[in-house]
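Listed below, chain by chain, are the residues.
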Amino acid sequence: MPYTPSGYFCDRLIRERERRDGEGSVTKPLRFSGQDFKTLKQDCLQKKVLFEDDTFPASVDSLGYKELGPKSSKVKNIVWKRPKDICDNPQFIVGGASRTDICQGDLGDCWLLAAIACLTLNDKLLYRVVPEEQSFSDNYAGIFHFQFWHYGDWMDVVVDDRIPTINNQLVFTKSAERNEFWSVLLEKAYAKLHGSYETLKGGNTAEGMEDFTGGVTEFYEMKNAPKELYKIMKKALERGSLMGCSIDTLVPARLETRTTTGLVKGHAYSVTAVDECKQSAQKESKVRLVRLRNPWGQVEWNGPWSDNSKEWSTISKEDKEKLHQQIAEDGEFWMSFADFTKNYTKLEICNLTPDALDDDKLHKWTVSVNEGCWVRGCSAGGCKNYSGEQFDPCSYTFWTNPQYRLRLLEEDDDLDNSEAVCSFVVALMQKNRRKERKLGASLFTIGFSIYEMHGNKQHMQKEFFLLNSSKARSKAYINLREVTQRFRLSPGEYVIVPSTYEPHQEGEFLLRVFSEKKNVSE
């Protein structure tokens, strides 16, 4: 249990967590807005009515608050319709859920759709987020449900199937199959979770991947990528990790720009496969390839190894079949690993936590989860080096931040390293900032520091931090939903101090520590 300076807000969080008795787990998800899917559906079937969700109504309030708000011209032609009023023979899933079921509409949520595309690569993960046995025929009642990991808890989110349309065309996400609606309703449920469709505008793929898995994301900058990046990517996909990438741009993300090579800057892509094959012209040489998908469902790479490129004639028929190479304008394409690292600037790999899969062949993590909060005048101390204009150096408040004890006991199985070290990943996530956008909230700039301690069981005081330097810390304080970093430290006892950059900023957070060994005890 972390120590936090007393405050009703934090005490309430801790009490709520303690009394749940397993609620919020994969097998016992919490009911978002208190709605029970089975009860609501049965009630509608008995009354022979279609479900109408009054907690996320078919109104402008569910669309947004500014660009999609009541005063926006964009919303005046929107009509909410059920699938049966949009097309003949609507289906929940047609021929299995696949990456081509996700095509971006008029909402800047490519980051979310790239994450959904990654999700379709793993049926076990997909059908936990998208529960099976939902349809528009058997016991249809206009009600559907989806499950998301939401700041430490699994949530079951209920929606009705009224969808925004203009001229009988879907406004937001759509499937390549006009009568397929699982991805459309998944986007609606995720919008409900965060308050409106507009709150989904802008983000990074990591956010969606984590909310579909409960995993933790590590970020790689291509210019500083490790030499073994290809092996890292291949191993990640083999163990069930989800992966996304993007190309930085100085232009705002809403002005996505297509390059001459067919790639789009400021846009999120899914990495759907990595593989290698022999080229006939170079008998001993293997070419490394990466398969990607554009959430638009179109606009593809036109360089080497693109759908119609000459490079495909240099490999065997067996390799073509192994790679499932096909010529189609579906947004998915292959490119060489060399071109991938040359053209893309960021890679996000979401590693799965132990509850994500039960297949022993896949890599698993040990994880400890702690909730906390920063409260003004109590536990919102800011970072150690903050030097704002109105900050009094004599009022050193860093020590008042929440503190979390970390015990590293079991070292890595690393025979090449002469020193015993423990590998682990720390992930600090700020909560609810997306949902609170309509109230003017934006992401705080956050980070954390790690200090070595020696048997002290109390909250570390001001003098400790003035006299001691940190053993490790996040690379930078940054305004992302989550800051993550991998560390290797000697076995021992440590304290992690999460904070905002500026003091006195109030908010809730989640601190998770992942390791491949069972090193984290509390």
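Just above sits the structure.
From a predicted model like this one, the values you see are computed outputs, not experimental measurements.

S.K.: Residue-level account of the environment of S25, with values.
M.R.: Position of S25 among the secondary structure elements: in the loop between helix 1 (8-18) and strand 1 (30-31). Through-space distance from the C-alpha of S25 to that of W154 is 5.6 Å; in sequence the pair is 129 residues apart.

S.K.: Go over unusual backbone geometry with me, naming the residues and quoting the values.
M.R.: Despite not being glycine, W305 shows a phi value in the positive range, around 75°. Note on W305: relative accessible area 4%, which makes it buried. In this model, H504 sits at a positive phi of 70°, which is unusual for a non-glycine residue. Summarising the element assignment, H504 is placed in the loop between strand 21 (492-500) and strand 22 (507-515).

S.K.: Explain the pattern of salt bridges residue by residue, including any values.
M.R.: In total, this model carries 28 salt bridges according to the counting rule given. Note that R512 and E482 form a salt bridge whose closest N and O atoms lie 3.0 Å from each other. Pair noted here: R512 is in strand 22 and E482 is in strand 20 (residues 482-489), with a separation of 30 residues, a long-range link. In this pair, the class of R512 matches that of E482, namely buried. Among the charged side chains, a salt-bridge network with shared partners connects E207, E210, D211, R434, R481, E482 and R512.

S.K.: Now, about the packing of helix 5 (residues 110-119) against helix 8 (residues 205-213): what can you tell me, with residues and values included?
M.R.: In contact at an axis separation of 7 Å, helix 5 and helix 8 are set at 45° when each is read in the N-to-C sense. Here helix 5 lies oblique to helix 8, going by the angle between them. Considering the relative orientation of helix 5 and helix 8, their crossing is right-handed. Along its contact with helix 5, which presents W111, L112, A114, A115, I116, C118 and L119, the element helix 8 presents T205, E207, G208, M209 and F212. Of the residues assigned to the contact of helix 5 with helix 8, the class counts are 9 nonpolar, 2 polar and 1 charged.

S.K.: Talk me through the environment of Y501; I want residue IDs and the actual numbers.
M.R.: With respect to the helices, strands and loops of the structure, Y501 is situated in the loop between strand 21 and strand 22. In this structure, the C-alpha to C-alpha distance between Y501 and Y386, residues 115 residues apart in sequence, is 6.5 Å.

S.K.: Provide a residue-level description of the side chain of S499, including the pertinent values.
M.R.: Within the secondary structure, S499 sits in strand 21. We classify S499 as buried; its relative accessible area is 0%. Those residues in contact with S499 that lie beyond four places of it in its chain are W374, G382, C383, F398, N401, L428, T445, I446, G447 and Y477.

Conventions and cut-offs
- Residues numbered from 1 in each chain as written.
- Predicted model: local features only at pLDDT ≥ 70, side-chain atom pairs only at ≥ 80, totals over all residues.
- Heavy atoms only, no water.
- Helix = DSSP H or I, 4+ residues; strand = E, 2+ residues; numbered from the N terminus.
- Buried < 20%, exposed > 50% of the residue type's maximum accessible area, 1.4 Å probe, protein only.
- Salt bridge = Lys/Arg side-chain N within 4 Å of Asp/Glu carboxyl O.
- Axes fitted to C-alpha atoms, helices over the stretch in contact; angles between N-to-C directions.
- Parallel < 35°, antiparallel > 145°, perpendicular 65-115°, else oblique.
- Left-handed = near helix turned anticlockwise from the far one by under 90°.
- Contact = heavy atoms within 4.5 Å.
- Nonpolar A, V, L, I, M, F, W, Y, C, P; charged D, E, K, R; others polar.

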